[in-house]
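Structural description and commentary
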Amino acid sequence: MLLVLAIAAHNFEEWLTFPHYGELTGAMSQRLGLNVEPKPWPIVQGGLVFVTVVPALLLVLGTRTQKAWGVWVVCWVAAIFLANVFLPHVPAMLLFKGYAPGGVTAVLINLPLTWLVLSMARKEQLLTRGQLGLIVVAGILSLPVAIQFAYAVAGMFVS
């Protein structure tokens, strides 16, 4: 359940700081040659709620079962948040030579905790090295899909 708290803390940091640094999204996508349009703040807020609640529910379900799928679900959520450290947060901080929303918790909490969860799954032989690799790849591929889905869901409730 520590991972649930870490995810909530991370998304809360983004909630508090994003309004002051939201222009980083457009600036970063422009520097990287991407066509990512910044989302309106109410949609970002709804997306942050979604990416806090849904992973929390998945983690609760995954930890409440003795079945193998529970380990896969927990490790998949951990892999998504590990990818989240290296895809938007660290590059944003490096690119702008400073703080980016969610950067502190991404690097100081999510990175070591998600690494620990994945390492423990391997050490305790809950997953093979190949299975762990597959889950990490699935986490990397799932991250942009999850973000866009969260924004789409939030957009349904924001007029």
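Residue numbers here run from 1 along each chain, matching the order of that chain's written sequence. For this predicted model, a pLDDT threshold of at least 70 governs which residues receive local features, and a threshold of 80 or more governs which side-chain atom pairs are given and counted, while totals over whole chains, interfaces and linings are taken from all residues. Here the side-chain values reflect all heavy atoms present in the structure, with hydrogen atoms and water set aside.

1. Focus on a nonpolar patch on the surface
Keep this limit in mind: Patch building starts from residues that exceed 30% relative accessible area and form no salt bridge, then joins like charges within 9 Å and nonpolar side chains (Val, Leu, Ile, Met, Phe, Trp, Tyr) within 5 Å. For every accessible area listed, the method is Shrake-Rupley and the probe measures 1.4 Å; residues are considered covered only by the protein chains on display. The rule for a salt bridge is simple: a side-chain nitrogen of Lys or Arg has to be within 4 Å of a carboxyl oxygen of Asp or Glu. Think of it this way: any DSSP run of H or I at least four residues long counts as a helix, any run of E at least two long counts as a strand, and we number them from the N terminus.
A cluster of nonpolar side chains, contributed by Phe-12, Trp-15, Leu-16, Val-49, Val-53 and Leu-57, occupies part of the molecular surface with about 560 Å² of accessible area. Mapped onto the nonpolar patch, the elements with two or more residues apiece are helix H1 (2-21) and helix H3 (41-63). Position of Leu-16 among the secondary structure elements: in helix H1.

2. Regarding the packing of H1 against helix H5 (residues 103-123)
Helix packing for two helices is described by the angle between their axes and how far apart those axes are. Quick reminder of the rule: Orientation is described by lines fitted to C-alpha atoms, with helices fitted over the stretch in contact, and by angles between N-to-C directions that extend from 0 to 180 degrees. Should an angle lie under 35 degrees it is considered roughly parallel, over 145 roughly antiparallel, and from 65 to 115 roughly perpendicular; all remaining angles are considered oblique. For any pair of crossing helices, the crossing counts as left-handed if the nearer helix is rotated counterclockwise from the farther one by less than a right angle, and right-handed if it is rotated clockwise. Note on contacts: a residue pair is in contact if any heavy atoms of the two residues lie within 4.5 Å. Each residue gets one of three labels, nonpolar for Ala, Val, Leu, Ile, Met, Phe, Trp, Tyr, Cys and Pro, charged for Asp, Glu, Lys and Arg, and polar for the others, Gly among them.
Axis separation between H1 and H5 bottoms out at 9 Å; the angle between their running directions is 160°. By the angle between their directions, the pair H1 and H5 is classed as roughly antiparallel. Viewed along their axes, H1 and H5 form a crossing whose handedness is left-handed. Where H1 approaches H5, its residues Leu-2, Leu-3, Ala-6, Ile-7, Ala-9, His-10 and Glu-13 are matched on the opposing element by Gly-103, Val-104, Thr-105, Ala-106, Ile-109, Asn-110, Leu-113, Thr-114 and Val-117. Residue composition of the contact of H1 with H5, by class: ten nonpolar, five polar and one charged.

3. Focus on the environment of Cys-75
Looking at where Cys-75 falls in the secondary structure, it is placed in helix H4 (residues 68-95). Considered as a pair, Cys-75 and Leu-132 are 57 residues apart in the sequence and their alpha carbons are 8.0 Å apart. In this structure, Cys-75 is in contact with Leu-118, Ala-121, Leu-127 and Ile-135, ignoring residues within four places of it in sequence.

4. Considering the side chain of Asn-110
Take Asn-110: it is sitting in helix H5. Setting aside its immediate chain neighbours within four residues, Asn-110 contacts Ala-6, Ile-7, His-10, Phe-81, Val-85, Thr-105 and Trp-115.

5. Quick look at unusual backbone geometry
Worth spelling out the cut-off: Under the scheme applied here, a residue whose accessible area is under 20% of the maximum for its type counts as buried, over 50% as exposed, and between as partly exposed, the area being computed with a 1.4 Å probe on protein chains only.
Within the chain, Lys-97 stands out as a residue other than glycine whose phi angle is a positive 50°. Structurally, Lys-97 can be placed in the loop between H4 and H5. We classify Lys-97 as exposed; its relative accessible area is 76%. In the Ramachandran plot, Gln-125 falls in the positive-phi region, its phi being about 55° despite a non-glycine side chain. Its location among the elements puts Gln-125 in the loop between H5 and helix H6 (129-157).

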